[in-house]
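Breakdown of the fold
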Amino acid sequence: MTKATILLDQKLDISERYRVELKVFEVQKSERFPERIKVSFILIDVIAKVPRLLIDNHAPFGFHVHEDLPNNKESRRQLPVSDYSEALEEFWRLAKEIIHGDL
Amino acid sequence: MVTFKPLKVTFDSLDSFISKSRQDIQKAVQEKKKSVQKKNVLVWASVESYQQFMSDQKYTILAAIYKFHPQSVYQLAKILNRAQQNVARDCDLLEGHGFIKFAESLQGRKGKSPQLAFDYNAIMVCLPNVTYKVEFADAA
């Protein structure tokens, strides 16, 4: 088990349906996490009790988005981003699309 | 001796939260300045969405959990004299938004007991210009 130190843990309840959870961990350097940073940006559908959008990072995919949740957990799309900041920007863009699409 | 703290509900607009998250992630990764939300604080994106969510029935559920420590949603529904299905739905939403958690029931039967997310006895709602507190002892 890789030791992880949490650097960021923030949650925002957007509506009855949606909640966002942002987490960043510092982890030991490994093949899976060569940059020592593990991120998890999630948009949760609280009513359906499923994640709707998840961006995380690990080898061999790098930063990637699971956008076909909850139907296909193995579906990943690699993101053309270079770091966690750009990944966060992409997360917010996609999250807003989902949230506003449902309003 | 259990110390009770109120659960605080604060408000931050989506755009403001996004802006802060950009800054906080930079500080967290580059300067190792941690940004960890306290467990007794829940942040909602708007007062309206919180008020739409937090009905009197949900407040009553929280107060009943605080006062009666039900061992199951079934027991909770009995206490509240409400349909179990409706109480279960409200409990799922309260769990999803961080107000309660489900723990293994102390009674041998299968099922989970609804518990407050931590030991709190009131909800303090921090509106932009005024703060008010709902004490469970008064509500139950």
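In this text, all values refer to a predicted model and were calculated from it rather than measured experimentally. (Residues numbered from 1 in each chain as written. Chains lettered and ligands numbered in written order. Predicted model: local features only at pLDDT ≥ 70, side-chain atom pairs only at ≥ 80, totals over all residues.)

1. Examining the packing of helix H4 (residues 73-80) of chain B against helix H5 (residues 84-96) of chain B
Residue and element names in this part refer to chain B. The condition is simple: To get an axis, a line is fitted to the C-alpha atoms, and for a helix only the part in contact is used. The angle between two axes follows their N-to-C directions and goes from 0 to 180 degrees. Numbering of helices and strands runs from the N terminus; a helix is a DSSP stretch of H or I covering at least four residues, while a strand is a stretch of E covering at least two. Roughly parallel means an angle under 35 degrees; roughly antiparallel, over 145; roughly perpendicular, 65 to 115; everything else is oblique. Each crossing gets its handedness from the near helix: less than a right angle anticlockwise from the far helix is left-handed, clockwise is right-handed. Residues are treated as contacting if the C-beta atoms built from their backbones sit within 7 Å of each other.
Packing of H4 against H5 leaves a shortest axis separation of 9 Å and a crossing angle of 115°. As summarised for this structure, H4 and H5 are arranged roughly perpendicular, according to the angle between their axes. Here H4 and H5 pass one another in a crossing that is right-handed. In this structure, H4 contributes Val73, Tyr74, Leu76, Ala77 and Leu80 to the contact, and H5 contributes Gln84, Val87, Ala88 and Cys91.

2. Some points on the confidence of the model for chain B
Residues and elements named next belong to chain B. Our working rule: Looking at any residue, its pLDDT shows the predictor's confidence there, from 0 to 100.
Scored by pLDDT, chain B comes out at a mean of 92, with 94% of its residues at no less than 70. Ranking the elements of chain B by mean pLDDT puts helix H6 (residues 136-139) last, at 76, and strand E3 (residues 41-44) first, at 98. Interface confidence in the predicted complex, given as ipTM, is 0.91; pTM for the same model is 0.91.

3. Observations concerning the packing of helix H3 (residues 56-68) of chain B against H5 of chain B
All names here are of chain B. Stated formally: Under this grouping Gly is polar, as are all residues other than the nonpolar Ala, Val, Leu, Ile, Met, Phe, Trp, Tyr, Cys and Pro and the charged Asp, Glu, Lys and Arg.
Put simply, H3 and H5 touch, their axes get as near as 10 Å, and they point 80° apart. Overall, the two elements H3 and H5 adopt an arrangement that is roughly perpendicular. From H3, Gln57, Lys58 and Ile61 reach across to H5, where they touch Val87, Asp90, Cys91 and Leu94. Residues that form the contact of H3 with H5 fall into these classes: four nonpolar, one polar and two charged.

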